[in-house]
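What follows is each chain in one-letter form.
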Amino acid sequence: MTTTRLSARAAIASVTDTGSFTELPAPRGESPADGPLAWAGYDDSRARATDRTGEHESVVTGSARIGGREAVLISFEFGFLGGSLGERTGDRLEAAYEHARERRLPLVSLIATGGSRMQEGMLALTQLQRVARQSVLTRAAGLPQLAVLRDPTTGGGWATLGAGADVVLALPGAQVGFAGSRVRPADADPAAYTAEGQYAAGHVDAVVPAAHLPGTLGHWLRVLAAPRSGGPVEPPAALAGVRPPATGWDAVRQARDPGRPHAEAYLDAYFELRLHLSGDRAGGTDPGMLCGFGLREGRAVAYAAQCGTATRPAGYRTAARVVRLADRLGIPVLTLVDTPGAANDAAAEHAGAGAAIADTFAALAAATVPVTTLLIGEGGSGGALALAAPGNTWVTPDSYFSVIAPELAAAILKRPPSAAPATADQLRIRPQDLVALGVARGIVGPEGARDTPPWNVPGQHT
């Protein structure tokens, strides 16, 4: 397992439990001599491809166990006419999707394709519509789709099975892009057509070395097959040993303390297994937003967590993507709120900050699975509220939530900078204020969540 150019069956063997693969029977389908276009020599090309690979089509399909969990597999044979899609390929792909839905199994695609088969013309291209339809039906059935991008993954195979999957993994150095190597502009940046380039652009969730691929797929299937909680998940326990602040300005200072625990520490303490999803599928990533799925006491939980930085549009779009995926799979969601606010520079505006925030609000509002939120630091205006669950938001003692930062509020009110602390008090932004106002359910201490504040705090508003 040292190359991305494995045969279809070797690729299956490299990720599945030994001896567990059972091939699906090939659907019956007749083609006229030399195919639908009567392309001279097409039958001979297919015969040579069969002699060379031992396969009768460019995909091998079946079911197998990965890490002990059953899945339907689609594996491309690049040695058969470049792994191209033709009408009979479409028959096999459709049958694999149908089998996955009948058996309620996740679908894993091991892709290595150059695109649609020229010798079948537009009939080959229309197979992409068949694949898209099957993917939509499988998505509607609440079943996950995982893709592994081998070398190469180009053309319609990338634009359907690959980019359309819920979780997209890629092998290092794999060629990945809609345009194959022979049809790109001469001056195109070659890095843009690699697994690593697609990961940097937010189109791939992880680049996984071949030796780690079986374990990674096994972890994903384990998490996605795990039991779901019947209701909202509990918020994480507070990690900082501090008391709620006496004043609004104390709340600001505690939340801005660089030494306080941030999202990664909370996620590590909360999950026994955590799998990261990266990218907004629209050309962007935000390292200040951690998203993915994990196991909490053996149950699947999705998460979207701000890391204390100004959240960029790609971060909001990634969070919305994960919330919608969790909703489709019936997995409850945990969000961690911690941002001074949404990024507001020119680049963020060009990238659609307002639309991205609106989409995150919409994703949470539409979610049918329960969402739990914990405010762990700064809650800066709408950029923070977009990730907060209405009616199920909790706060830590070292956090605050405000309609606007106190300094900015003072400036808008034409007050001197020295008035920011007094303005913070007026805004009632302390954790205990948020509970009293009904914005938060309660303050979470080191022991976990309570529906009422566990401390009596001097100066607490009642």
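Scroll up to find the structure.
For the structure given in this document, a descriptive report is provided here. Because the structure is predicted, anything quoted here is derived from the model rather than measured.

Turning to the overall build of the protein, a few remarks are in order. Broken down by element type, the protein carries 17 helices and 15 strands. Summarising its shape, the C-alpha atoms of the protein cover approximately 85 × 45 × 35 Å along the three principal directions. Across the 462 residues in the protein, those meeting the buried criterion constitute 53%. Summarising the internal contacts of the protein: among those between residues at least 6 apart in sequence, 73% fall at separations of at least 24. Between the centroid of the 41 positive side chains of the protein and the centroid of its 44 negative side chains there is a distance of 3 Å.

Attention now moves to the packing of aromatic side chains. Applying the stated criterion to the full structure yields three aromatic pairs. On the basis of an interplanar angle of 65° and a centroid distance of 6.2 Å, the ring pair of Trp 220 and Phe 293 is categorised as edge-to-face. Of this pair, Trp 220 sits in helix α8 (residues 213-224) while Phe 293 is found in strand β10 (residues 289-296), placing the two residues 73 residues apart along the sequence. There is no split in this pair, since Trp 220 and Phe 293 are both buried. Each member of the aromatic cluster is reached from another via a ring pair, and the members are Tyr 270, Phe 271 and Tyr 303. The aromatic ring of Tyr 193 is capped on one face by Arg 184, whose charged end is 3.9 Å from the ring centroid.

Taking burial as the measure, the eight residues of strand β2 (residues 59-66) include seven buried ones, the bulk of the element. Of the strand pairs in this sheet, strand β1 (residues 22-23) and β2 are connected by two bridges, and their pairing is antiparallel. Residue pairing for β2: Glu 23 is matched across the bridge by Gly 62. Where β2 and strand β3 (residues 69-76) come together, eight bridges link them in antiparallel fashion. Looking across to β3, one finds that Ala 64 is bridged to Ala 71. Hairpin remark: β2 followed by β3, antiparallel, with two residues in the connecting loop; positive phi at Gly 67, about 60°.

All right, on to the packing of helix α11 (residues 313-329) against helix α13 (residues 353-366) then. Contact geometry for α11 and α13: axes closest at 8 Å, N-to-C directions at 20°. It follows that α11 is roughly parallel to α13 by the angle criterion. Handedness of the α11/α13 crossing: left-handed. Residues Pro 313, Tyr 316, Arg 317, Ala 320, Val 323, Arg 324 and Asp 327 of α11 lie in contact with α13, whose contacting residues are Ala 353, Ala 356, Ile 357, Asp 359, Thr 360, Ala 362, Ala 363, Leu 364 and Ala 366. Residue composition of the contact of α11 with α13, grouped by class: 11 nonpolar, one polar and four charged.

Okay, the pattern of salt bridges next. Tallied over the entire structure, the rule returns 23 salt bridges. Glu 57 is the partner of Arg 117 in a salt bridge, and the nearest nitrogen-oxygen pair spans 3.1 Å. Placement of Arg 117 in the loop between β4 (107-113) and α4 (121-125) and of Glu 57 in the loop between α2 (42-53) and β2 is noted, with a sequence separation of 60 residues between them. Comparing Arg 117 with Glu 57 shows no difference in burial state: the two are buried. For the salt bridge of Arg 130 with Glu 94, the shortest nitrogen-to-oxygen distance reads 2.9 Å. You can see Arg 130 sitting in helix α5 (residues 127-140) and its partner Glu 94 sitting in helix α3 (residues 87-103), a full 36 residues away along the chain. The class of Glu 94 is partly exposed, set by a relative accessible area of 24%.

Cut-offs used in this document
- Residues numbered from 1 in each chain as written.
- Predicted model: local features only at pLDDT ≥ 70, side-chain atom pairs only at ≥ 80, totals over all residues.
- Heavy atoms only, no water.
- Helix = DSSP H or I, 4+ residues; strand = E, 2+ residues; numbered from the N terminus.
- Buried < 20%, exposed > 50% of the residue type's maximum accessible area, 1.4 Å probe, protein only.
- Contact = heavy atoms within 4.5 Å.
- Lys, Arg positive; Asp, Glu negative; His and termini not counted.
- Charge placed at Lys NZ, Arg CZ, Asp CG, Glu CD.
- Phe/Tyr/Trp six-rings, centres within 6.5 Å; stacked < 30°, edge-to-face > 60°.
- Lys NZ or Arg CZ within 6 Å of the ring centre and 35° of its normal.
- Pairing = 2+ DSSP bridges.
- Axes fitted to C-alpha atoms, helices over the stretch in contact; angles between N-to-C directions.
- Parallel < 35°, antiparallel > 145°, perpendicular 65-115°, else oblique.
- Left-handed = near helix turned anticlockwise from the far one by under 90°.
- Nonpolar A, V, L, I, M, F, W, Y, C, P; charged D, E, K, R; others polar.
- Salt bridge = Lys/Arg side-chain N within 4 Å of Asp/Glu carboxyl O.

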